[in-house]
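# Inside the fold
This is what each chain is made of:
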Amino acid sequence: MKRLTRIFLAAGLSAAALAAAPAPALADAPIVRGEDAAAAAFAADRETILAMAGDFKVTFDMQESTPWMEGYEPLERKVSGGYESVRVIEDTGTKIVLQHLLVTGDDANPYIVKHWRQDWEYEPEKILTYAGGDSWEWSAVPEKMRAGRWSQTVYQVDDSPRYAGWGQWETTHGVKRWRSNWTARPLARRDAIRNPVYDHYMGINRHQLTPTGWIHWQDNTKMIAPKDGAGRKEGDAPTPVVQEYVLNTYERFDGYNVAAAEAYWDKTRTFWDAVRGKWDAVAEANGGVRIEQEAGAGTAIANDLLILADLIKAGKETPEAASEKAIAMIAEGTARGGG
């Protein structure tokens, strides 16, 4: 306390101001609320999550910054953008599913990419986390950390898992945000295709609403996992290589071909429902998912699943027939992967 007093006084704050200042918050303390307060917080959290749906102009800003490994040269900053329609495709009350649809091309010739998906679940008992290589496993959420918290699970373009974390929606200094625990993630395609020295990320996710939309902020440490083999020692830890900051900014905007995204989803929705259902069934039956990965695509079957959806959109394949093929692909791919 004496040290904190010196810091506040050095900053020009009086003893009275120090007494009024909040104590440092515990990052992961259990949430204790009365019944009415818990219900009000739950309703407010839902409203915040649902506010991430809509039509947006998106900026993707990626920056490797601090090298943690001697001799490593951080990549140049990369800024790109596009348009995304985010739709609520499931809402059971305690689970909200948001599907992102990336709109590329021009108004006359739009092309829709089924982009990432985010599932929010209230007070979950377990989450599907990345276990390294080509594996995802169920991890228990600590019991004392479930009350009042939400998990977010992010899925790849083919609805296979990518990463998951849990955290609390809280308001600090007037800004409401959700912050995850530390989560392991496979390499993004932008990195995987370069065959970099690092092989996974450990990161923290933040989601925050803004007056004109919302932001998704990632704080990633790019890591090298210990290698299996004769030289590996018990207790070997992953090696940090470089820090990366990713800020994805979603600004509400509908001046693009939103109708093309709506049409794509209308035609392919039942197909993707079947795909999600199969991934879920595999994860529940096998304690997770294991499937071969390809640097440029995600899973080894991602491109084939996306092509099936495009064939449905073009009227060259029925959703029912395409769904049967997709379910068979997932079954075969996860069986080969050992899932």
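Quick caveat, the model's predicted, so the values are computed rather than measured.

Moving on, we come to the packing of aromatic side chains. By the definition in use, this model includes 14 aromatic pairs. Taken together, a centroid distance of 5.8 Å and an interplanar angle of 5 degrees make the contact between phenylalanine 42 and tryptophan 150 stacked. Highlighted residues: phenylalanine 42 in helix 3 (residues 35-50) and tryptophan 150 in strand 7 (residues 150-155), separated in sequence by 108 residues. Taking the relative accessible area as the measure of exposure, phenylalanine 42 reaches 22% and is therefore partly exposed. With 4.9 Å between their ring centres and 80 degrees between their planes, tryptophan 120 and tryptophan 178 make a pair best called edge-to-face. With tryptophan 120 in strand 4 (residues 110-122) and tryptophan 178 in strand 9 (residues 175-180), the pair connects residues that are 58 residues apart, well separated along the chain. When its relative accessible area of 0% is taken as the criterion, tryptophan 178 is described as buried.

Looking now at the confidence of the model for the protein. Here the protein averages 90 in pLDDT, and 89% of its residues register 70 or above. Segment residues 1-26: pLDDT under 50, and seven contacts once partners within four positions in sequence are set aside and those in other chains are kept.

Another point: the side chain of aspartate 159. The residue aspartate 159 is located in the loop between strand 7 and strand 8 (161-172) in this model. For aspartate 159, the side chain forms a polar contact with the side chain of lysine 114, separated by 3.1 Å. A distance of 2.8 Å separates polar atoms of two side chains, one belonging to aspartate 159 and the other to arginine 117. What aspartate 159 contacts, discounting residues up to four positions off in sequence, is Gln99, Lys114, Arg117, Trp272, Val275, Arg276 and Trp279.

Turning our attention to the sheet that holds strand 5 (residues 126-132). Strand order in the open sheet made by the three strands is 5-6-14, with antiparallel pairing throughout. The open sheet has two edge strands with one neighbour each: strand 5 and strand 14 (288-290). Within this sheet the neighbouring strands show an average axis-to-axis angle of 25 degrees, counted without direction. In this sheet, strand 14 lies alongside strand 6 (residues 135-140) in antiparallel orientation, the contact comprising three bridges. The residue bridging tryptophan 136 from the neighbouring strand is valine 289, located in strand 14. Each of strand 5, strand 6 and strand 14 touches helix 5 (residues 258-286); the most contacted strand, strand 14, lies at about 105 degrees to it.

Cut-offs and rules
Residues numbered from 1 in each chain as written. Predicted model: local features only at pLDDT ≥ 70, side-chain atom pairs only at ≥ 80, totals over all residues. Heavy atoms only, no water. Phe/Tyr/Trp six-rings, centres within 6.5 Å; stacked < 30°, edge-to-face > 60°. Helix = DSSP H or I, 4+ residues; strand = E, 2+ residues; numbered from the N terminus. Buried < 20%, exposed > 50% of the residue type's maximum accessible area, 1.4 Å probe, protein only. pLDDT = per-residue confidence, 0-100. Contact = heavy atoms within 4.5 Å. Polar contact = N/O pair within 3.5 Å; in protein donor to acceptor, adjacent residues only side chain to side chain. Pairing = 2+ DSSP bridges. Axes fitted to C-alpha atoms, helices over the stretch in contact; angles between N-to-C directions.

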